[in-house]
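Summary of the model geometry
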Amino acid sequence: MTAIRLPTTRSPGSVLGAAPGVTESAEAYRATGGHAGTTDPDALLRHLDASGLRGRGGACFPAAVKLRAVRDRGGAPVVVANGEEGEPGSVKDRWLLRARPHLVLDGLAHAAAITGAVRGYVYLSDPEAGASVRRALAEREPHLPVEVVETDHTYVAGEESAVVRRIDGGPALPTTKPPRPFERGVGGAPTLVSNVETLARIALTAAHPGLRRTIARSTLVTLSGGHSEPVLAEVPYGVPLRTLAAWHGTPAPGGALMGGLFGGLVDGRALDLPLEPDALAAAGTALGCGAIRFLAAGACPVATAADAVGHLAAESTRQCGVCVSGTAAIRDT
Ligand code: SF4
């Protein structure tokens, strides 16, 4: 169970809806400004460029660059809203699909307009999220044909080549690259695989271009660990990790697991770093999907690392030699 902590002052540039646990209907979405704003794809792409919006799936890649790469391949591109979050501790994507499906679907529609895509997919494993998206699709004008594709929940099922493989009817397992999906994706078409929070921020930027910088420099985080319940919140870039830990209810943490497992384990000194992709990367860690697990004071970092490696070994898809033998060997050391 994860608590949703809403900001005390509601901003139109926030991806968090008004009521946690309640799916926002098309009517409620429209009443708060949904479907509004710029519909010119070139203008929106310029806003995304200027805002510096980074993808929220883990790699923090510039959203405008990824959109342009698919658009420039030509042909009949495909867009995919990727809501399959495999990193331990992350709940933001299933929450967005459950609570704000129209915001995500609007982002998908804008991504389709920018890239010239003629069809879209929503990819997920959470049954409640799937039901919410299907209800929302039934409420919308079918301008863009969108299909919901479900997968089993695994660590690698949300990796972009695994997403393409699953949508094409295969197993949700990564393939070797190149080609990357933007070159050859679903059905061989250039494909944008975009995290659902990224798409939500694209829709918000279209609706509130004047807030583009705020929208791009705020992010969902799932905070867990210590002795407090997990919390999903939206915070601005730049807030120190130590402040987030105190806010979560883990004072004086001994370290943190960053980005699920993507950013590795950092010690207590790293907690003075700001929550910002470049600053974290320069320090050898990563924001990733925004899932941060704080270690309570006195918690054993070796035991935490052993748990993490055990998880990776259990989730190995046994396709690559270095992973089959290496991860298991580290676990057994
Ligand atoms: S074997 Fe390991 S490294 Fe290779 S695709 Fe599977 S999980 Fe990834």
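On a predicted model such as this, the values are computed, not experimentally measured, just so you know. (Residues numbered from 1 in each chain as written. Predicted model: local features only at pLDDT ≥ 70, side-chain atom pairs only at ≥ 80, totals over all residues. Heavy atoms only, no water.)

Close to the ligand lie Val-156, Pro-174, Ser-316, Thr-317, Arg-318, Gln-319, Cys-320 and Cys-323, which account for all nearby residues. Grouping the constituent residues of the shell around the ligand by class yields four nonpolar, three polar and one charged. (Near = heavy atom within 4 Å. Nonpolar A, V, L, I, M, F, W, Y, C, P; charged D, E, K, R; others polar.)

In this section: the nonpolar core. The biggest cluster of nonpolar side chains holds 45 residues, and the ones touching the most others in it are Leu-48, Leu-67, Val-79, Leu-96, Leu-97 and Val-122. With sequence-adjacent residues up to four places away left out, Val-79 is seen in contact with Leu-108, Ala-111, Ala-112, Thr-115, Ala-117, Arg-119, Gly-120, Tyr-121, Leu-144 and Leu-192. Val-235, Leu-244, Leu-280 and Ile-292 belong to the second largest nonpolar core, which has 21 residues in total. (Core = buried A, V, L, I, M, F, W, Y, C linked by side-chain atoms within 4.5 Å. Buried < 20%, exposed > 50% of the residue type's maximum accessible area, 1.4 Å probe, protein only. Contact = heavy atoms within 4.5 Å.)

Before going further, it helps to examine the pairing of strand 8 (residues 255-258). Judged by which residues are buried, strand 8 turns out to be covered on both faces: Gly-255 and Leu-257 on one side and Ala-256 and Met-258 on the other are all buried. Where strand 8 meets strand 9 (residues 264-267), four bridges bridge the pair, whose relative direction is antiparallel. What sits directly across from Met-258, in strand 9, is Gly-264. What sits between the antiparallel neighbours strand 8 and strand 9 is a turn of five residues, in which Gly-259 has the positive phi angle 65°. Relative to strand 10 (residues 291-295), strand 8 runs antiparallel, the two being bridged by four bridges. Looking across to strand 10, one finds that Ala-256 is bridged to Phe-294. (Helix = DSSP H or I, 4+ residues; strand = E, 2+ residues; numbered from the N terminus. Pairing = 2+ DSSP bridges.)

All right, on to the layout of surface pockets then. Put simply, the largest pocket is a space of about 1100 Å³. Forming the walls of the largest pocket are 46 residues, and the residues nearest its centre are Gly-57, Ala-59, Gly-158, Glu-159 and Glu-160. Breaking the lining of the largest pocket down by element, the ones donating at least two residues are helix 3 (63-71), strand 5 (191-195) and helix 8 (196-207). If you tally residues by element for the lining of the largest pocket, the top one is helix 3, at six residues. Of the residues contributing to the lining of the largest pocket, the split by class is 20 nonpolar, 16 polar and 10 charged. Mapped onto the domain boundaries, the lining of the largest pocket takes at least three residues apiece from domain 1 (25-30 + 39-215) and domain 2 (217-299). The wall of the second largest pocket is formed by 22 residues, among which Asp-106, Ala-109, Arg-140, Glu-141 and His-143 lie closest to the centre. Counting residues per element, the lining of the second largest pocket draws most heavily on helix 5 (residues 101-115), at six residues. (1 Å grid on protein atoms, 1.4 Å probe; cavity = no way out; pocket = protein on both sides within 12 Å on 5 of 7 lines; lining within 4 Å. Points joined across faces, edges and corners; volume = space filled by probe spheres on them. Domains from an automatic or database assignment.)

What the domain assignment lists for the protein is domain 1 (25-30 + 39-215) and domain 2 (217-299). Domain 1 and domain 2 are separated by 25 Å when their C-alpha centres are compared. Opposite the 19 residues of domain 1 that make contact, domain 2 presents 17 residues. The tally of links from domain 1 across to domain 2 stands at two salt bridges. Across the pair Asp-278 and Arg-54 runs a salt bridge whose closest N-O atoms are separated by 2.9 Å. (Salt bridge = Lys/Arg side-chain N within 4 Å of Asp/Glu carboxyl O.)

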